[in-house]
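# Descriptive analysis of the structure
Listed below, chain by chain, are the residues.
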2 protein chains.
Amino acid sequence: MANNNQKIPYKIYLSENEIPASWYNVRADMKNKPAPLLNPGTLQPMTAEELSAVFCEDLVAQELDNEHAYIPIPQEIRDFYKMYRPSPLVRAYCLEEKLQTPAHIYYKFEGNNTSGSHKLNSAVPQAYYAKKQGLKGVTTETGAGQWGTALSMACSYFGLDCKVYMVKVSYEQKPFRREVMRTYGASVVPSPSDTTNVGRKILEQFPGTTGSLGCAISEAVEVAVSNPGYRYVLGSVLNQVLLHQSVIGVETKTAMDKYGIKPDIIIGCAGGGSNLGGLISPFMGQKLRGEADYQFIAVEPASCPSLTRGKFAYDFCDTGLVCPMAKRYTLGSGFIPAPTHAGGLRYHGMSSILSQLYHDGYMEARAVEQTKVFEAAEQFARVEGILPAPESSHAIRVAIDEAMKCKETGEEKTILFGLTGTGYFDMVAYEKFHDGLMTDYIPTDEDLQKGFDGIPKIDL
Amino acid sequence: MANNNQKIPYKIYLSENEIPASWYNVRADMKNKPAPLLNPGTLQPMTAEELSAVFCEDLVAQELDNEHAYIPIPQEIRDFYKMYRPSPLVRAYCLEEKLQTPAHIYYKFEGNNTSGSHKLNSAVPQAYYAKKQGLKGVTTETGAGQWGTALSMACSYFGLDCKVYMVKVSYEQKPFRREVMRTYGASVVPSPSDTTNVGRKILEQFPGTTGSLGCAISEAVEVAVSNPGYRYVLGSVLNQVLLHQSVIGVETKTAMDKYGIKPDIIIGCAGGGSNLGGLISPFMGQKLRGEADYQFIAVEPASCPSLTRGKFAYDFCDTGLVCPMAKRYTLGSGFIPAPTHAGGLRYHGMSSILSQLYHDGYMEARAVEQTKVFEAAEQFARVEGILPAPESSHAIRVAIDEAMKCKETGEEKTILFGLTGTGYFDMVAYEKFHDGLMTDYIPTDEDLQKGFDGIPKIDL
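Since the model is a prediction, treat every value here as computed from it, not as a measurement.

### Some remarks on the packing of aromatic side chains
The description of an aromatic ring pair rests on the distance of the ring centres and on the angle between the ring planes. Overall, the coordinates contain 43 aromatic pairs over all chains when judged by the stated rule. With centroids separated by 6.0 Å and ring planes inclined at 45°, the aromatic side chains of Phe55(B) and Tyr232(B) adopt a geometry described as tilted. Of this pair, Phe55(B) sits in the loop between helix H1 (48-51) and helix H2 (57-64) while Tyr232(B) sits in strand E9 (residues 230-232); the two residues are 177 residues apart in sequence, bridging distant segments of the chain. On the basis of an interplanar angle of 85° and a centroid distance of 5.1 Å, the ring pair of Tyr157(B) and Phe158(B) is categorised as edge-to-face. When its relative accessible area of 14% is taken as the criterion, Phe158(B) is described as buried. By the ring-pair criterion, three or more aromatic residues cluster together here, those being Phe80(A), Tyr81(A), Tyr84(A), Tyr128(A), Tyr129(A), Tyr157(A) and Phe158(A). The cationic tip of Lys311(A) hangs over the ring face of Phe452(A); the distance from NZ or CZ to the ring centre is 4.8 Å.

Structure below.
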């Protein structure tokens, strides 16, 4: 199958019938499974019944499934996927030349759809299963706005109502995101808001707060559980989301296998972990089964360093403490990250799956500062012709760093990274960067301690 | 070669080695050639020498070449094309289903690059030839900002300075476009400005004007001819631009031939004519040679109806009257279109090539109003997952209209249209549309007469 003599094109496109027929569930190959979600009242693992008050039934089943390695993708979802998938795997020839590196750089580009990111991969199944269950609508939170847009698109397609709580700092930085969501018929509320009990409480406690994903989640969950016919959906963090996002990794691996390419390093930005988890999953599966080895690098903002400086502990998922508790690397649900321009990475905790893999030594993590990230973004844009989102640019930063190491050592490593999305709605950030007004935020140990103090003292 | 039994995928991607090796020059197959550009002083056809004061030498040769049907694309340009081409030809299955039409709808999507449009196809060769000639930089105008962005990208890649005069109304409606251009190192000035003689004169004559492409062209040309080492480049209208844009049509035809698809109707939006001219060129060539027949429809805004309500006459290309004169359908160089949201279509004249073809009866034209255009845009976005630019949505409007006619008659026509770009920077317009604040502008006969009065009284 592998054919090393074949000239590798700039962009590898699979054909439509190569869209994966199944998602790959990396949990099936993990010896140490991710710890279960806990009911914060009883401290017992959440049952399917309990979870079904918040999530759709099929998604609950996927959330709890640690056994099945392959979960078939329903035809209706594959049909929607055909609208924008398979996404291209790009050989960054121009970047390699610019850097004068012997490294081979590849990126899987998920930005060629209106949501502008990989988020649509999970929005489609989540809307599909909600519709299948006969629900009226769904609620959610959004950071940078990409998840909200993706969900709006999916809901519009399947005919569901969609209520989006958007982190206030992003709502203000990205006024036009709201209009894209409205184009798809969604209603968008800046969070924290006075439309929920938890929102009002947070506003009272932290007047003038710019919000966080943690706050927005609390509001969206409250609205879902208090309105009949509604459920809550989430764009990252959860096991089900990483499962859906495995479509990225499975396509990537299929494309690479076709050309006999084996990556040495696989890099992804990590906020809640959906993109990174999706990209690495089939490769991680090989590593877990002892079939192949790869170096995995999670890249997070220095302003919100859950893997590199957080605690591995049971914690709340949201600021309002209305959600189940999850065991993962966390900065504490009370930690409100500085208002950096990577809204999609401003979340205090990491996916339980990735946290476990990191804890068990299967993956590395690096924290990078936003000015360095924008330098990489601009360098990339100028040669590769894609304007990257700030979130995605975290991965670009480390990919360039690794390629420059290869230049020093002369190693011809193959580097793969996830280019999750485009930055068309991030021009306020680019403007600040151009004008030299961008600053870096690195929390002090004291800042972090405040967040850690809110982590409940339980150990199971 | 044709294979009608093959299931047509949602997206047809050609491989990289199917990127055209030559541009197709439709002029070679035209019996009535487009009229030459005239020197406004002597009223004689502009010589290559005269044109070379304004344009790069290789581009002048292409501008004047009415003979060669195929002009090879230099390898350096093909390498850049590989960064974002071949672009997908999409079968609009979801739109067809939504409309319940028996028509088959296809669109060639040119928006998957950072310029967000087809404009990059001509920016790349124009920057390449400028560099090849050893120039320092280029100047240009931009309407919606897509051409300016495309040129910035190309100049950054080839290492050229880039000065962009941006029509003021677009500059204000699309503040973030400027930042994208800055990301690529360009300088951007709202037009009319006080940085040129012609800009100052226009500001004096029409205080408070929101500008037009015609004004911005005058300013950019003035700067080019008064700065050594600079030339002017243009994103539409010119013969050379239509030549470069033929890459769209040649790819489309190659993809359709592969699957044995023959379009009955080919539709494109038309401002200066670059996208439409590029898309239709190889099909028009067949029609001109009597090998096949197609229905071609140019779609223009009702607010700027150069084909449907203009005069076929020699006229100035710019408001400041500094450019050569061209014979084409025109509203008069003094006509300043209403500030609609399709900035890329706000130009008083049409390409000479398309004007001649229209005049000779090879092509039809329709004028549509912007509220109807945004209705089509939203309908399209909701089912096809792409947020279209207002300009492109003119073509969507007519494609939907034609598909609905098929629904009435039961005809199974094949409709092809050009989806030139994305609307990520047009959210101010979408917002107005959502809020019911969008109005239509249709010039009265009196309004048009004012423009016509400025057309010089010559007939050659």
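Now that the structure has been shown, we can carry on.
### Let's talk about the pattern of salt bridges
Residues and elements named next belong to chain B. Per the counting criterion, the structure on display carries 44 salt bridges over all chains. Residue Glu 378 pairs with Arg 382 through a salt bridge whose shortest N-O separation is 3.6 Å. Note that Glu 378 and Arg 382 are positioned in helix H15 (residues 370-384) at a spacing of four residues, about one turn of the helix. Relative accessible area serves as the criterion here: at 31%, Arg 382 is assigned to the partly exposed category.

### Some thoughts on the side chain of His118(B)
Residue and element names in this part refer to chain B. Assignment of secondary structure puts His 118 in the loop between strand E5 (104-109) and helix H5 (120-132). Residue classification places His 118 among the buried residues on the basis of a relative accessible area of 6%. Contact partners of His 118, with chain neighbours within four places excluded, come to Glu 110, Gln 245, Ile 248, Ser 274, Asn 275 and Thr 420.

### Points about the relation of the copies chain A and chain B
Superposing chain A onto chain B takes a rotation of 180° combined with a translation of 0.0 Å along the rotation axis, leaving an RMSD of 0.0 Å. Considering both components of the superposition, the chain copies are consistent with a two-fold axis. Taken as a fraction of all interface residues of chain A, those also at the interface in chain B reach 100%, which identifies the copy contact as same-surface.

### A short note on the state of the cysteines
All names here are of chain A. For the structure shown, the criterion picks out zero disulfides over all chains. Among the cysteines around Cys 162, which has no disulfide bond, Cys 155 carries the closest sulfur, lying 4.1 Å off. No disulfide involves Cys 304; its sulfur sits 12 Å from the nearest other cysteine sulfur, which is in Cys 215.

### Some remarks on the interface of chain A and chain B
Often, the extent of an interface is quoted as the loss of accessible area on bringing the components together. If you look at the interface, chain A gives 42 residues, while chain B gives 42 residues. Both faces considered, chain A and chain B share a buried interface measuring about 4,000 Å² in area, 57% of it formed by carbon and sulfur atoms. Of all residues in chain A, Phe176(A), Thr183(A) and Tyr424(A) give up the largest surface area on contact with chain B, accounting jointly for 18% of the area buried on that side. Our enumeration of links across chain A and chain B arrives at four salt bridges. For Asp435(A), the salt bridge identified is with Arg182(B), shortest N-O distance 2.7 Å. The interface formed by chain A and chain B includes 29 residue pairs in polar contact (both at pLDDT 80 or more). Secondary structure elements with two or more residues in the side of chain A that touches chain B: helix H6 (146-158), helix H8 (175-183), helix H15 (370-384) and helix H17 (427-434) of chain A.

Reading guide: rules and limits
- Residues numbered from 1 in each chain as written.
- Chains lettered and ligands numbered in written order.
- Predicted model: local features only at pLDDT ≥ 70, side-chain atom pairs only at ≥ 80, totals over all residues.
- Heavy atoms only, no water.
- Phe/Tyr/Trp six-rings, centres within 6.5 Å; stacked < 30°, edge-to-face > 60°.
- Helix = DSSP H or I, 4+ residues; strand = E, 2+ residues; numbered from the N terminus.
- Buried < 20%, exposed > 50% of the residue type's maximum accessible area, 1.4 Å probe, protein only.
- Lys NZ or Arg CZ within 6 Å of the ring centre and 35° of its normal.
- Salt bridge = Lys/Arg side-chain N within 4 Å of Asp/Glu carboxyl O.
- Contact = heavy atoms within 4.5 Å.
- Least-squares fit on C-alpha atoms with pLDDT ≥ 70 in both.
- Disulfide = S-S within 2.5 Å.
- Buried area = accessible area lost by both parts, 1.4 Å probe.
- Polar contact = N/O pair within 3.5 Å; in protein donor to acceptor, adjacent residues only side chain to side chain.

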